[in-house]
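# Breakdown of the fold
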Amino acid sequence: MGTLQITPSRILGHKLAENNTVFNSFSGVRQVGFASLLSRNRKAQSFWVKTRSNTEDRNGGGFVSRSSNSTGQEEGLLLGTEKDSDGSVVGFNLTPHSATSAAKILETQETEAKGGVELSEDIETNDKASIRTTYNVIFVTSEAAPYSKTGGLGDVCGSLPIALASRGHRVMVVSPRYLDGNLSNKKFANAVELEQRSSIYCFGGTQEVGFFHEYRAGVDWVFIDHPSYHRPGTPYGDMFGAFGDNQFRFTLLCHAACEAPLVLPLGGFTYGEKCLFLANDWHAGLVPVLLAAKYRPYGVYKDARSIVVIHNIAHQGVESAATYRNLGLPPGWYKALEWVFPTWARTHALDPGEAVNVLKSAIVTADRIVTVSQGYSWEITTPEGGYGLHELLASRKTVLTGITNGIDGNEWSPSTDEHLPFHYSIHDLSGKVQCKIELQKELGLPVRSDCPLIGFIGRLDYQKGVDIILSAIPELLQDDVQFVMLGSGEKQYEDWMRHSEAIYKDKYRGWVGFNVPISHRITAGCDILVMPSRFEPCGLNQLYAMAYGTVPVVHNTGGLRDTVTNFNPFVGEGSGEEGTGWTFTPLSKESFLATIRIAVGTYKEHKSSWEGLMKRGMERDSSWDNAATQYEQVFEWAFIDPPYAG
Ligand SMILES: Nc1ncnc2c1ncn2[C@@H]1O[C@H](COP(=O)(O)OP(=O)(O)O[C@H]2O[C@H](CO)[C@@H](O)[C@H](O)[C@H]2O)[C@@H](O)[C@H]1O
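Residues numbered from 1 in each chain as written. Predicted model: local features only at pLDDT ≥ 70, side-chain atom pairs only at ≥ 80, totals over all residues. Heavy atoms only, no water.

### Side note on the nonpolar core
Heads up, the condition is: Nonpolar cores are built from buried Ala, Val, Leu, Ile, Met, Phe, Trp, Tyr and Cys residues. Side-chain atoms within 4.5 Å join them into one set. Exposed residues in this analysis have more than 50% of their type's maximum accessible area, buried residues have under 20%, and partly exposed residues fall in between, with area computed by a 1.4 Å probe over protein chains only. Comment: elements are numbered from the N terminus, with helices defined as DSSP H or I runs of at least four residues and strands as E runs of at least two. Two residues form a contact once any of their heavy atoms are found within 4.5 Å.
Of all hydrophobic cores here, the largest spans 167 residues; its most connected members are Ile-310, Leu-337, Phe-483, Met-485 and Val-530. Element by element, the count of residues in this core is highest for helix H6 (residues 246-263), at 9 residues. Residues within four places of Ile-310 in sequence aside, it is in contact with Asp-281, Leu-359, Ile-363, Ile-369, Val-370, Thr-371, Val-372, Tyr-376, Ile-380 and Leu-393.

Following this line, the structure appears as structure tokens:
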């Protein structure tokens, strides 16, 4: 790793003040999480805290810090200034703890002093080290894979933090420690209990929470421990429906997450107040409100920022207005959460329709808003897509950004996937047909490598358009195709899947349940993956499918429209082809069926076109790096503006 540089546009005055976590580098321009830059090397980090002995070399206003270890050896150059042609300080260089790199930096600085030209070259050639500010980032989320996952939120909060940490940020993920009495409890086995406990006042009493911690893949995974997270079921409910105390459980999460950076000495020292909270979905939505209402009036978190990340606006955390007093917020902040149902949505004539809406409060009080694709960032500002929040979101359009999710290449790669019986890649696709044959065997379908195998994976609910699949299946299965569905959700759909297996014995399989290894094998073994989602903020399964050479057929909406390009066999007057799948509209049985039939026809009749489709999908860059860069841009914008103060 080469030089990490922090280069504000122009610094008028600078002050280097140090507390135990952060260098306040510039007066109001940007905060630099010093701890984050060291967090990638825990040993060096704790050593640095214990035995640091800095020396300052002032050289015409320049500032250089060195640290030495207990044997007196120089560990590395920690800090140096960068100046523009007028001699003004425009940035600091933070360098790694390696003698070679340090020497290179010294060399670079000498060169810079001579002419200042080669610095950027040096940066470019040395590991493509980028010029960027690093932050202390706190993800707050109700799920994070592999510890907990019911859907895409878990995937994103399990992989984006790692991508950001690998780019030099100090990253903590705060999530509940769910113990459901099943095997999944083992996933928390490596998290150790910290001595710290916090008392949280909410719901008319004091709740004590514990903190568990695991440092993995460069990220501090912090799990909030409380009896309300210990029960059978998913993070949100069980066979009888959603838990009745979810508002309580996630209020607790938000309070605890706000405490964590202040009180947990992770790797030797706390994250401190100058951090950036990423509040994911409504479960974490109280975080921006708490920063503004509970902490900032007392001078705490004055320089923190918050971003609400909307993965699915259909879920907003709406409860009766009377529950406001339980949330541990000052009475004056009711307006931030106030929500009035339209007349038609009220239960009776005297119902005033008053409620509290947690996601709404996050949209009001967060410094910036991110959604998981550009298409969806527009859709949520429309009456059709905003689920009642469109006007509010439209009014905050200037701070609303769409960033398409990435996928975790360690977990989802056909050449290394531990759940697959055979591996394959864009250079050698032979393993894919083997995966198909093994899947057919596993599902008890006739083993036929020439028969198009169509798959669906997802929650069985209205959003995912399962009703469209159900209505199309009787006609579709008259064709020579096989169809497999994996999902859990609404009972009527689960029953339909079980029932249909008996009707279409040789053509249809329905796997009811949540099973990650099977989801990987379906993604690899199918030829076509369908996603007739009514709305799809981003969608991950189409990204996984394309990475696995499985061609997606998707409704032309939200993130699906942004990520799947329609197959076009006539580009360049027939000389070439483009596209990674098919998008269809309108969302109807007829257009769904017609598009699948075009895909099946292409699969059967145009083998080379099909291979082109597969390969273009596999070539597509869905890595998190691209998205992480865009998140960094939003972080930067968040710190340019003052924080929300009410
Ligand atoms: N029965 C089952 N067994 C095993 N695995 C299963 C499964 N059902 C679903 N999954 C897995 O859960 C994830 C679902 O992710 P999606 O992004 O498609 O949808 P979800 O609606 O949960 O996420 C929301 O958040 C994400 C993340 O931002 C957005 O992409 C999305 O549009 C938005 O609706 C995938 O990893 C999928 O394989």
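Let us keep going from here.
### Regarding the environment of Cys-538
Inspection of the secondary structure assignment puts Cys-538 in the loop between strand E25 (528-531) and helix H16 (541-547). A relative accessible area of 1% places Cys-538 in the buried class. As a C-alpha pair, Cys-538 and Ala-257 span 281 residues in sequence and 26 Å in three-dimensional space. Dropping the residues within four chain positions of it, Cys-538 is found in contact with Val-372, Ser-373, Thr-404, Asn-405, Gly-559 and Leu-560.

### Focus on the state of the cysteines
Working definition: the covalent bond between the sulfur atoms of two cysteines is a disulfide. Note the following rule: Disulfide: a pair of cysteine sulfur atoms within 2.5 Å of each other.
Throughout the structure, instances matching the rule amount to 0 disulfides. Lacking any disulfide linkage, Cys-275 is separated from the closest cysteine sulfur, that of Cys-258, by 8.9 Å. Taking the relative accessible area as the measure of exposure, Cys-275 reaches 0% and is therefore buried. The structure places no disulfide on Cys-451, whose sulfur is separated from the nearest cysteine sulfur, that of Cys-526, by 11 Å.

### Regarding the pairing of E25
To be explicit about the condition: Two strands make a pair as long as DSSP finds a minimum of two bridges between them. Here a crossover is taken to be right-handed if, once the strands point away from the viewer, the path from the first strand over the helix to the second is traced clockwise.
Judged by which residues are buried, E25 turns out to be covered on both faces: Ile-528 and Val-530 on one side and Leu-529 and Met-531 on the other are all buried. Two elements, strand E22 (residues 453-457) and E25, share 2 bridges in a ladder whose sense is parallel. Bridging across to E25, Gly-455 finds its partner in Leu-529. Pairing analysis gives 4 bridges linking E25 to strand E26 (residues 551-555), with the strands arranged parallel. When the bridges of E26 are listed, Met-531 appears paired with Val-554. For the segment spanning E25, H16 and E26, crossover handedness is right-handed.

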